[in-house]
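# Observations on the three-dimensional arrangement
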Amino acid sequence: MTVSPLSAWTDRLAALPVNASERPFLSQLTVRASDPAAIAAMGAALGVVFPSVPCTFTTGTGSFGEVQVLWLGPDEFLVVAAPDLQIPIEEALRGALGSARGSVVDTSAQRTTVVLEGPHVRDVLAHGCSVDLHPSAAPTGTCVQTLLARTGIILLVTGADRVTLLVRSSFAEYLAAWLSDACVEYRTQ
Amino acid sequence: MQLIPCPWCGPREEAEFHYGGQAHVAYPQDPSALSDEEWAQYVFFRENPSGPFAERWSHSAGCRRWFNAVRDTRTHDLLAVYRTDEPMPEVIS
Ligand SMILES: [Zn+2]
């Protein structure tokens, strides 16, 4: 049986005022490429336009269902999709990359994903994150790599009161414990 | 906490960055021709100015890209950031 990094935390995370829940085992592929034609071709293969603006992500739907592409650097992206699609997506991306210089690497096991939802999400995260998360500075579509309570994370703003965190699997329980602590003052009962 | 302006990600907390020493130290054209003293100069000896200093920084907890910055060593003010393949910009300190 496969056990997700936060399987022991499901109930405790759900009880938090930020309604945290793990989305384990998502397909994740790290893409390095700088050729605009190759980047466009890879996007077309997945039904999504790769982000061109730093610190943003894009979403699209194609033959692999809903796919997110996260900007990680000027020639680096993370493709995120539903579980168990990493092998066909890797093949599709490699085919689209063709002979252009670049790489496609399956990094699905590297991180797990936590979704936070509710009116206090930005307040709770501000306790441990130095990036300005006010909606005017971090609107929906923002994707930042930063430190949350000294843990490296990728933070996606997916809605007005909705944030997705990608965290390295070995740091996930630490992050869950920190979240529980940071939420204490927002508890209603 | 000091904010450092990453050329890609914008201003971020200093703790996200890694320091890389003096910028624009060129690799020797013909390494095998260097004397021991010249090697020592290349490997170990660096400027130590009081004032603007061009340095390498890496946004290690963010986009993980190297870039150059001009920092005033007296005030710790970052006067400019630029790409590693660009010359040091003129700065007013
Ligand atoms: Zn950066």
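Residues numbered from 1 in each chain as written. Chains lettered and ligands numbered in written order. Predicted model: local features only at pLDDT ≥ 70, side-chain atom pairs only at ≥ 80, totals over all residues. Heavy atoms only, no water.

- Identification of chain B as Sarcosine oxidase subunit delta from Lentzea flava is taken from an unreviewed UniProt entry.

- In the annotation of an unreviewed UniProt entry, chain A is listed under the name Sarcosine oxidase subunit gamma and assigned to Lentzea flava.

### Considering the overall build of chain B
- Looking only at helices and strands, chain B features 1 helix and 6 strands.
- Its helices and strands in sequence order give chain B the pattern β-β-β-α-β-β-β, from N to C terminus.
- Overall, chain B is about 45 × 30 × 20 Å in size when its C-alpha atoms are taken along their principal axes.
- Residues classed as buried in chain B amount to 35% of the 93 residues present.
- Considering only intrachain contacts with a sequence separation of at least 6, the fraction spanning at least 24 residues in chain B is 43%.
- As presented, chain B carries roughly 5800 Å² of accessible surface, and 51% of it is formed by carbon and sulfur atoms.
- Of the side-chain charges in chain B, 8 are positive and 14 negative, and the distance between the mean point of each set is 9 Å. (Helix = DSSP H or I, 4+ residues; strand = E, 2+ residues; numbered from the N terminus. Buried < 20%, exposed > 50% of the residue type's maximum accessible area, 1.4 Å probe, protein only. Contact = heavy atoms within 4.5 Å. Areas by Shrake-Rupley, 256 points an atom, 1.4 Å probe, with all protein chains shown as cover. Lys, Arg positive; Asp, Glu negative; His and termini not counted. Charge placed at Lys NZ, Arg CZ, Asp CG, Glu CD.)

### Observations concerning the domain arrangement of chain A
All names here are of chain A.
- With domains assigned, chain A is organised as domain 1 (7-24 + 110-186) and domain 2 (27-109).
- For domain 1 and domain 2, the distance between their C-alpha centres works out to 24 Å.
- Contacts between the two partners involve 14 residues from domain 1 and, on the opposite side, 14 residues from domain 2.
- For the pair domain 1 and domain 2, the summed buried area comes to about 1100 Å², and 55% of that belongs to carbon and sulfur atoms.
- Contact with domain 2 buries area across many residues of domain 1, yet Gln 110, Arg 111 and Cys 143 alone supply 42% of it, more than any other trio.
- Put simply, domain 1 and domain 2 have 0 salt bridges between them. (Domains from an automatic or database assignment. Buried area = accessible area lost by both parts, 1.4 Å probe. Salt bridge = Lys/Arg side-chain N within 4 Å of Asp/Glu carboxyl O.)

### What to know about the environment of B:Pro11
All names here are of chain B.
- Tracing the chain through its elements places Pro 11 in strand β2 (residues 10-13).
- Relative accessible area serves as the criterion here: at 59%, Pro 11 is assigned to the exposed category.
- Remark: the alpha-carbon pair of Pro 11 and Asn 48, spanning 37 residues in sequence, is separated by 26 Å.

### Focus on the coordination of the zinc ion
All names here are of chain B.
- Coordination of the zinc ion by the protein involves Cys 6 (SG), Cys 9 (SG), His 59 (ND1) and Cys 63 (SG), with metal-donor separations of 2.0 to 2.4 Å.
- Coordination at the zinc ion is tetrahedral, judged from the 4 donor atoms that bind it and the angles of 103 to 120 degrees they form at the metal.
- Every donor residue of the zinc ion comes from the same chain, spaced as C-x2-C-x49-H-x3-C. Remark: His 59 occurs in the loop between β4 (52-58) and β5 (66-72) and Cys 6 occurs in strand β1 (residues 3-6); sequence separation between them is 53 residues. (Donors = N, O, S within 2.8 Å, 3.2 Å for Na, K, Ca; no water. Tetrahedral: all angles 85-135°; square planar, octahedral: opposite > 155°, others 65-115°.)

### Observations regarding the sheet that holds strand β3 (residues 18-22) of chain B
All names here are of chain B.
- Reading across from one edge, β3-β4-β5-β6 is the order of the 4 strands in this open sheet, with antiparallel pairing throughout. A single partner strand is all that each edge strand has here, and the edge strands are β3 and β6 (78-82). Each strand of the sheet is rotated relative to its neighbour by a mean of 30 degrees, with strand direction disregarded. (Pairing = 2+ DSSP bridges. Axes fitted to C-alpha atoms, helices over the stretch in contact; angles between N-to-C directions.)

### Digging into the interface of chain B and chain A
- In this complex, chain B contributes 11 residues to the contact, which on the side of chain A involves 15 residues.
- Carbon and sulfur atoms make up 50% of the surface buried where chain B meets chain A, a total of about 1000 Å² over both sides.
- The three residues of chain B that bury the most area against chain A are B:Trp8, B:Arg12 and B:Arg65, which together make up 47% of that side's buried surface.
- Taken together, the connections running from chain B to chain A amount to 3 salt bridges.
- We note a salt bridge from B:Arg65 to A:Glu76, for which the minimum N-O separation is 3.2 Å.
- Here chain B and chain A share 8 residue pairs in polar contact (both at pLDDT 80 or more) between them.
- Residue composition of the side of chain B that touches chain A, by class: 5 nonpolar, 1 polar and 5 charged. (Polar contact = N/O pair within 3.5 Å; in protein donor to acceptor, adjacent residues only side chain to side chain. Nonpolar A, V, L, I, M, F, W, Y, C, P; charged D, E, K, R; others polar.)

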